[in-house]
Each structure stands twice: as structure tokens, then as C-alpha cells.
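Next come the chains, spelled out residue by residue.
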Protein chains: 2
Amino acid sequence: MDMSGGNQMDVQRSDFGLRLKTCMDKYGPLCVGIDPHRKILTDWGYNVDAEGAELFSMRMLQAAHGRAAAVKFQTPMFERYGSKGFAALERVLYAARQMGIITIVDCLHGGLSTTISAIADAYFKPGAPLLADAITLLPYYGARSLSGLIDEALDNGRGVFIASLTSNEEGASLQTAIRQSGDYKGRTVAYGIASTAQKHNEGIEGMGSVGLIIGATIGQWISDSGVDPAQFTGPILSPGYGWQGAEAKDLKTVFKGTKGNVLVTVSRFIAAHGPDIAMLSQATESIALDVRQALLEATEEPSDETPSGIVSMPKKATETATPLTFAATGESAAASSGAADAVPDVDDPTESAPQTDESASVPAPAVRSSFDPSKTTGDSAPAAASSKEPRQ
Amino acid sequence: MDMSGGNQMDVQRSDFGLRLKTCMDKYGPLCVGIDPHRKILTDWGYNVDAEGAELFSMRMLQAAHGRAAAVKFQTPMFERYGSKGFAALERVLYAARQMGIITIVDCLHGGLSTTISAIADAYFKPGAPLLADAITLLPYYGARSLSGLIDEALDNGRGVFIASLTSNEEGASLQTAIRQSGDYKGRTVAYGIASTAQKHNEGIEGMGSVGLIIGATIGQWISDSGVDPAQFTGPILSPGYGWQGAEAKDLKTVFKGTKGNVLVTVSRFIAAHGPDIAMLSQATESIALDVRQALLEATEEPSDETPSGIVSMPKKATETATPLTFAATGESAAASSGAADAVPDVDDPTESAPQTDESASVPAPAVRSSFDPSKTTGDSAPAAASSKEPRQ
């Protein structure tokens, strides 16, 4: 059942989760990140402009078709070309809908009440210029401030992914801060967000349509946050696999006990094998297998038993500012070394290297054993982290 | 000195703050919010499409020219029309640059490291399609995660406004949560963000270029946050005046002791007097005077003396999770009644009324004494909150 075409009136509020789950069952948990970084366009021999971004995206889409559950587009990679970039994104989204691939637009909108209907018009309503199956959201105004936009998404059979836990240190300081007021008083910021998201998924048969974004390299922060992904029944979008150092063991650690609802985004690690379509397709298939295997093992791991899981809504806490404590498992302690400070979703380290002091901790891509990079051509092999990004 | 034209190479990192201050000294603290809501386009007799949004924006720009320090555009109001909407915004920004008006694009970007250079290409670099003097940012990944993007802004003589304190209850729960780790351990989320922003402004002669967004209706939350606006030397953008119930006394309470660095955004309250250009201009002038007077009184109020002001960087706190306490003044307690739960920046209550339970607390516009609504024509008078929004 493909509801992404636009004008059907018989949409159910649970449509997105059900459609995504069907695709994940069929193609596995891989979401191909289609992010036309300047460097990759240059590497492919494409122009660094809206047309180059569109050609790149169409080719990545071809590689993802039939090999991945979904595709995700980072909006700023198109926005940098202004209206021309958005016109390119519109055409790419149209092509994806024709192929029946689930589309996620990573626009990270904030969901101010005053802009709810505008964002719904842009992405969710029949005939929307940027019609997508789901978009990403930032909850700085509180998760509940997003409820209007979430309702618009669900009413149109679509979904959202709300940023909750990232792996950079300063993000963790904010996300693990303890609330002093409100429904989740005494709980972390991330806990309140995950719990609010989960409320939208309760009572749904199968996977919900309101998702979370949780970085795969988060390591021990997952315990500090009080959030247990195994208790969440919506989809979980996890960026950071491959290119910036998240590995199979990170997926196993962070997502242990989850039940087939984790969608892993891989972008640069696939794109580095283009523009040859056969190489791109082979890389996509190979990485899809790796990710599927890692998450299969995570599914088989039992989750930590904890009474404060996000499904069982806590009674309003009366204690103030008491950090939630968990017994750290040996595994998560091991996973945290090295990867914990990695920036979120940095699949192009050279893109941000001159500006942030965090990027120094981004490791070079680790090639998975089941994919042989020697089969790639020289100019499409993964670029070394030290390579210089061309400036416009 | 107007550096907004584009190609000058002699930009200083302090340019934006200095240019904005010059304009505020000349025209006062009013920032005209140019937000083409569907309802206002209909009220004006314009088409609800990208062309209507552009015509509306050009007219609002005319009214703001020479009467306000800056103009601000909510991106989703253009994004709803896809690439056509962005093309309209590009032309409006071009017109604003020709007029020499300071432009703020309210895109509320999240500043992921991987998208820094893309956002800089879109808004800051010479020749950027959406070249603006400043943009707005959301700090969910931590204020420090925005530093790369802030550097890009400053390097191009431009600025940013980082969301810090909003007035909705769920936002306050997140923003006043106490950090358990990092440089601002023991401090609130908002405190860490304000302090990080302030670091960029230190050592600047005059007003800095890294601003904060603080809702005017925040009331008593300002004390809970530990943030003292009087200690902040960058610009402060304050939405919510007029239409959704923030009044002169709120400005006086929240911004007491500030020194001419508060920029107050008014949108719907002005637009309701269009499309007649004389009426729009008169409304703009009248509201500019009101806002100027209110902030003048705030400037004369002494700020609370507190050792934890955001200028004096605290030593790394050793205590954990101790809420900062302040002696609440009688004024702020009074201001909090009624307005504290108002949603941020809702200048079109009908826009979100069906979706959120928060909008019920948005009061009808209070007409300021110095402007007489009886002089407006019937069809351009402020719409009643109960009026029905047309659906596309």
C-alpha cells in the first residue's frame, strides 16, 4: 500500500509506521542518506550547484531503490542553492514517490505553534510541494510544543522523527539535564521528549509513526539519559554509521532489546563508491547486509530491566533534581571509549573541520569486512579525512 | 555603512552588531515581522500563494523602511510554497538589501556540524541566494555545537540569534532543566546557552553580533532560568509583543536594566492594518513609539544584582543539580499571571488553534493607547480571534 502519491482521502493516522515497517521487513533497516556535499559532487565530477545536487540525488535514489527501506535528505544541502536547490529537492522527492521509496526530509524544524500549518502545507498535505513521508524535528521549545505538527503529520498518514539523544558532549549536557518542573520533573530532558513521543505511539498495533533520532555513537550517554530504546515502539532513526565511526558494536550496545524498529542512516559511506551505478548498488547492498546483521544481534540482546522505561509512564516525581542512576553494563562502557565525543551525523568530516573543535575526534571510515573497497575505482574510494574540501 | 550588499571583502567580525545598533539608535527597537500567514493574505485580498506572499512582503517592507530597525521573515511562511516560496523570499531579501534594512531570516536552524557550510552558503557568503544579515538558531545539540556556524556568520560580518528562553510551560521545563555535566554543570540549560553566546560578544566594543531570543511574555521563568538579560551584551530578539498579549509592562519586567540592545518583533499587529500603505506606515510608526517608550523605561529600571550574571563566568560548579534561586520581585510575579503559559511567537492564533491545546491561552490583541484602531477601515482592522481561517 503506497499512500505517498498524494490525494488519497482514506489515510489512517498509523499509516506511516505501518508502511515503514513493511519496507523495513522487506529491505532491512538501512536508510540511505542522500546528502550532496560539495566534496562528493566534486569527487563524482559533477557541478557544485543545484543541478549537480539533483543528478547526484537521482543516482543515489537508483542505488537505494529495492535495496533500502528509506531515503533521507538533509535539507541544508539543497537550501544552500536557494530556490533552485529546493526545486531540485522537489523533483527528487517526486521521483522517490514514483519509485515507492519512503522519504524522510531532514529539515529539523522547531515546530513553533505559529508555523505548524505552514510546515504541514510544505511537507504533509496532498499537493504539498515538498511532499515527504516524514520530516525531522528539534524539540527545543519542548516536545509538547510539537504536538500540533505531529497531529498534522498523523492526520495525513505521515510521520516525524524528533531529535532526542546525540553524542556530542555539549549536546549530552543539555539532553541529560534534569527538569525542575512540568510532567517530567526529576527526569532528563531527553526522557521527557522520548516519553512525549511514545504517548503518540501507544495503542497502535505495530510500529508507531512518531519516531526519535538517537545517535549510534552515543555510548554511555544512553544510560545518563534514562531513555531505554527497547521500550520505544515508534521508529528510531540512527545516523552516524560507518563514516564517522559508529560500528556494529555501537548499534548492539545502544539498541539492545529493540524489536526491529531501528532505521540506520548511511550516507557518505555509500556515496564514496559512486558515481558508477553498479558500485553504488553493490555498496548499498553490502552495507544493508552489515546493518541488518548488527541489528539482528541487538534484537537478540536482552535490554536492561529498568522500572523507568519510557513505556511505563512514571508517576509525577516528587523528588527534585535527582539524577537517574543505572548500573552501567560492561558493554556500554567499552563502546563509549573513543566514540562518545563524536559529533552527530558528521558523514563529511572535511565539511566542518575548519570550524569546530569537535571534528578532530571523527575517525576515518572503518571499512566493514563484508565489503571490499579494493573493488572500487581509485577516484571513488572513500576520501581520506585529511583531503581538502574545494571552496566555491 | 551598509555591508549587506554582498561583495565587500573588508568585513569585520563585529559588523552585524555595530550595524544593528546604528539602526536601533536611529529608528528605535522595533523589528517588523514579515510573516505572510494565509489568513492575512486573504484579509488583504491577496492570493494565498508565493506571489501573494511576495506582494504582502514588499508592502510590509515599504512600511518598515525608515520606521523600524530591522525586518524578520519566518521561513516556513515561504517554505509552504516550496521552491516558489523561496524564490519569493530571495526577491524580498534583495529588495530589503537595496533599501538598506537589516534582515533577519527566522529559519531556526539546528546547526549540525555537517550542515554548517551549507547554511553559510545559503545565508552568509557573498552571493548567497538567501543573503541575510542574521539568521535564528535552535540549540538542541548544545550551544557549542553552533560555534562553527557562528564563526561563519561573524567571518562574513553577519550575526545569529539563538533561541534560549520561551514562555510556554513545556519549553520552560526543558530550558530550566539543570545540567549534570559539562562546563555549566549545576546551571540551567538556558544559562549555558546564554553564557556560550555571551562568550562570542566579549571584548567587542559596543553591541555584539551573537544574539539571543527571549520571549517577552516569559514572566517569572526568567528568574528560574538564572539568565539575566541585563548582563548580556549581544542583541536580544523578543517576539510576542502586541498580538499575543505581551505588553509594555512585560518588556519592562523581563528586560529591566538592559542597555538598548533589545529588538522587539511585531508582526500581525502591524499587518492587520494593511494593505493600505498609509495605514500600515501609521501603525508601524505608532507601535515603534510604544515599544521605544516601554524599553526606555526598562533601561531605567535597575537590574537585580546577582553574582551569577552571564557576564561573570562562573567557576565550574561542584554542587550538582541545585536549582539557582533568586528573590522574585513583585513586578515579575505580577507579570507572570496570565501570560506565562502563552505560546511563543503566536501572532496568528487562528493558525494553530485546531492543533494545540496551548492556543486557548492566547488573548486577543490589546490595542495600545497611542494608536487608534477606529481610524482603520473595516476590512483591515485586527481580526477577531474567533474568525475562521480559510483552508486551501
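About the thresholds
- Residues numbered from 1 in each chain as written.
- Chains lettered and ligands numbered in written order.
- Predicted model: local features only at pLDDT ≥ 70, side-chain atom pairs only at ≥ 80, totals over all residues.
- Heavy atoms only, no water.
- Helix = DSSP H or I, 4+ residues; strand = E, 2+ residues; numbered from the N terminus.
- Buried < 20%, exposed > 50% of the residue type's maximum accessible area, 1.4 Å probe, protein only.
- Contact = heavy atoms within 4.5 Å.
- Areas by Shrake-Rupley, 256 points an atom, 1.4 Å probe, with all protein chains shown as cover.
- Salt bridge = Lys/Arg side-chain N within 4 Å of Asp/Glu carboxyl O.
- Core = buried A, V, L, I, M, F, W, Y, C linked by side-chain atoms within 4.5 Å.
- Phe/Tyr/Trp six-rings, centres within 6.5 Å; stacked < 30°, edge-to-face > 60°.
- Lys NZ or Arg CZ within 6 Å of the ring centre and 35° of its normal.
- Expected span 1.5 Å × (residues − 1).
- Polar contact = N/O pair within 3.5 Å; in protein donor to acceptor, adjacent residues only side chain to side chain.
- Pairing = 2+ DSSP bridges.
- Axes fitted to C-alpha atoms, helices over the stretch in contact; angles between N-to-C directions.
- Parallel < 35°, antiparallel > 145°, perpendicular 65-115°, else oblique.
- Left-handed = near helix turned anticlockwise from the far one by under 90°.
- Nonpolar A, V, L, I, M, F, W, Y, C, P; charged D, E, K, R; others polar.

Outline the overall build of chain A, listing residues and values.
Broken down by element type, chain A carries 15 helices and 8 strands. Taking all 392 residues of chain A together, 66% fall into the buried category. Here the contacts in chain A between residues at least 6 apart in sequence split such that 79% fall between residues at least 24 apart. Accessible surface for chain A amounts to roughly 12600 Å². Of this, 52% is attributable to carbon and sulfur atoms.

Just give me the short version of the pattern of salt bridges, but keep the residues and values in it.
Two side chains with opposite charge may pair up if their charged atoms get near one another. Across all of its chains, the model carries 32 salt bridges over all chains by this definition. The shortest N-O distance in the salt bridge between A:Asp121 and B:Arg38 comes to 2.8 Å. Here B:Arg38 lies in helix α2 (residues 38–44) and A:Asp121 lies in helix α6 (residues 116–123), a pairing that spans two chains. Of the two residues examined, A:Asp121 and B:Arg38, each falls in the buried class. Between B:Asp121 and B:Lys125 there is a salt bridge, with its nearest N and O atoms 3.2 Å apart. The exposure classification of B:Asp121 matches that of B:Lys125, with both residues buried. Residues participating in the shared-partner salt-bridge network are A:Arg38, A:Arg80, B:Asp121 and B:Lys125.

Account for the nonpolar core, with residues named and values stated.
Among the nonpolar cores identified, the biggest contains 215 residues, and A:Ile162, A:Leu263, B:Ile162 and B:Leu263 are the most heavily contacted of them. Other than its neighbours up to four places away in sequence, B:Leu263 contacts B:Leu20, B:Met24, B:Pro29, B:Leu30, B:Cys31, B:Ala69, B:Ala70, B:Ile104, B:Phe161, B:Ile236, B:Leu237 and B:Ser238.

Tell me about the packing of aromatic side chains, and please be specific about residues and values.
All names here are of chain A. The final tally for this structure, using the stated rule, is 13 aromatic pairs over all chains. Ring centres of phenylalanine 16 and phenylalanine 161 lie 6.0 Å apart, and the angle between their planes is 90 degrees; this geometry places the pair in the edge-to-face category. Pair noted here: phenylalanine 16 is in helix α1 (residues 15–27) and phenylalanine 161 is in strand β5 (residues 159–165), with a separation of 145 residues, a long-range link. Accessibility expressed as a relative area gives 0% for phenylalanine 16, which makes it buried. Look at phenylalanine 161 and you get buried, because its relative accessible area is 0%. On the basis of an interplanar angle of 80 degrees and a centroid distance of 6.2 Å, the ring pair of tyrosine 140 and tyrosine 141 is categorised as edge-to-face. Between arginine 187 and the ring centre of tyrosine 191, over which it is positioned, the NZ or CZ distance is 4.9 Å.

Mind laying out the environment of B:Asn156, listing which residues take part and the relevant values?
Residues and elements named next belong to chain B. Its location among the elements puts asparagine 156 in the loop between α7 (147–155) and β5 (159–165). Here asparagine 156 falls in the buried class, since its relative accessible area comes to 13%. A C-alpha to C-alpha distance of 6.4 Å links asparagine 156 and lysine 125, two positions 31 residues apart in sequence. Residue contacts for asparagine 156: discarding those within four places in its chain leaves Val11, Phe124, Lys125 and Pro126.

Before we move on, can you summarise helix α3 (residues 50–64) of chain B with the specific residues and values?
Residues spaced three or four apart along an α-helix point in a common direction, a consequence of the helix completing one turn every 3.6 residues. Residues and elements named next belong to chain B. An ideal rise of 1.5 Å per residue puts 21 Å on 15 residues; α3 measures up with 21 Å between its terminal C-alpha atoms. Three or more residues of α3 are buried, namely Ala50, Gly52, Ala53, Glu54, Phe56, Ser57, Met60, Leu61, Ala63 and Ala64. At the N-terminal boundary of α3, the capping side chain belongs to aspartate 49, with an oxygen 3.2 Å from the backbone nitrogen of glutamate 51. Two residues or fewer after α3 comes glycine 66, characterised by a positive phi angle close to 80 degrees.

Any details on the sheet that holds strand β3 (residues 102–109) of chain B? Residues and values, ideally.
All names here are of chain B. One closed barrel holds the 8 strands; their spatial order is β1-β2-β3-β4-β5-β6-β7-β8, and the pairing between them is parallel. Pairs of neighbouring strands in the sheet enclose a mean axial angle of 30 degrees, with direction left out of account. Pairing between strand β1 (residues 30–33) and strand β2 (residues 70–74): 3 bridges, direction parallel. For glycine 33, the partnering residue across the bridge sits in β2 and is lysine 72. Contacts from α7 reach β4 (134–137), β5 and β6 (210–214) within the one sheet, and its direction differs from that of β5 by about 140 degrees.

Any details on the sheet that holds β5(A)? Residues and values, ideally.
Residue and element names in this part refer to chain A. One closed barrel accounts for 8 strands, arranged β1-β2-β3-β4-β5-β6-β7-β8; its pairing is parallel. Neighbour to neighbour, the strand axes of the sheet diverge by 30 degrees on average, direction disregarded. Both strand β7 (residues 236–238) and strand β8 (residues 262–266) contribute to a ladder of 3 bridges, which runs parallel. Looking at the pairing, serine 238 lines up with valine 264 of β8. Most of the contacts of α1 go to strand β3 (residues 102–109), to which it runs at about 125 degrees, and overall it touches β2 (70–74), β3, β4 (134–137), β5 and β8.

Talk me through the packing of α3(B) against helix α5 (residues 82–99) of chain B; I want residue IDs and the actual numbers.
All names here are of chain B. Close contact between α3 and α5 brings their axes to 9 Å; oriented N to C, the two are set at 15 degrees. By the criterion of interaxial angle, the relationship of α3 to α5 is roughly parallel. With respect to the hand of their crossing, α3 and α5 are arranged in right-handed fashion. Of the residues in α5, those in contact with Ala50, Glu54, Ser57, Met58, Leu61 and Gln62 of α3 are Lys84, Gly85, Ala88, Arg91, Val92, Ala95, Ala96 and Met99. Per-class residue counts for the contact of α3 with α5 are 8 nonpolar, 3 polar and 3 charged.

Describe the environment of A:Val11, naming the residues involved and giving the relevant values.
Residue and element names in this part refer to chain A. Mapped onto the elements of the fold, valine 11 is located in the segment before α1. Given the relative accessible area of 25%, valine 11 is considered partly exposed. Separated by 146 residues in the primary sequence, valine 11 and glycine 157 place their C-alpha atoms 5.3 Å from one another.

Kindly report on helix α7 (residues 147–155) of chain A, identifying the contributing residues and their values.
Residues and elements named next belong to chain A. Burial analysis of α7 places 7 of its 9 residues in the buried class, the great majority of the element. In the core, the buried residues of α7 are packed alongside α6, β4, β5, α9 (189–201) and β6 (210–214). Directly beyond the C-terminal end of α7, a positive phi value near 70 degrees is found at glycine 157.

Describe the pairing of β6(B), naming the residues involved and giving the relevant values.
Residue and element names in this part refer to chain B. Of all 5 residues in β6, 5 are buried; the element is thus mostly enclosed. Residues of β6 alternate between two faces, with Val210, Leu212 and Ile214 on one and Gly211 and Ile213 on the opposite face, all of them buried. Across 5 bridges, the pairing between β5 and β6 is parallel. Following the sheet pairing, isoleucine 162 is matched in β6 by leucine 212. With 2 bridges joining them, β6 and strand β7 (residues 236–238) adopt parallel strand pairing. Bridging from a neighbouring strand, leucine 212 pairs with isoleucine 236 of β7.

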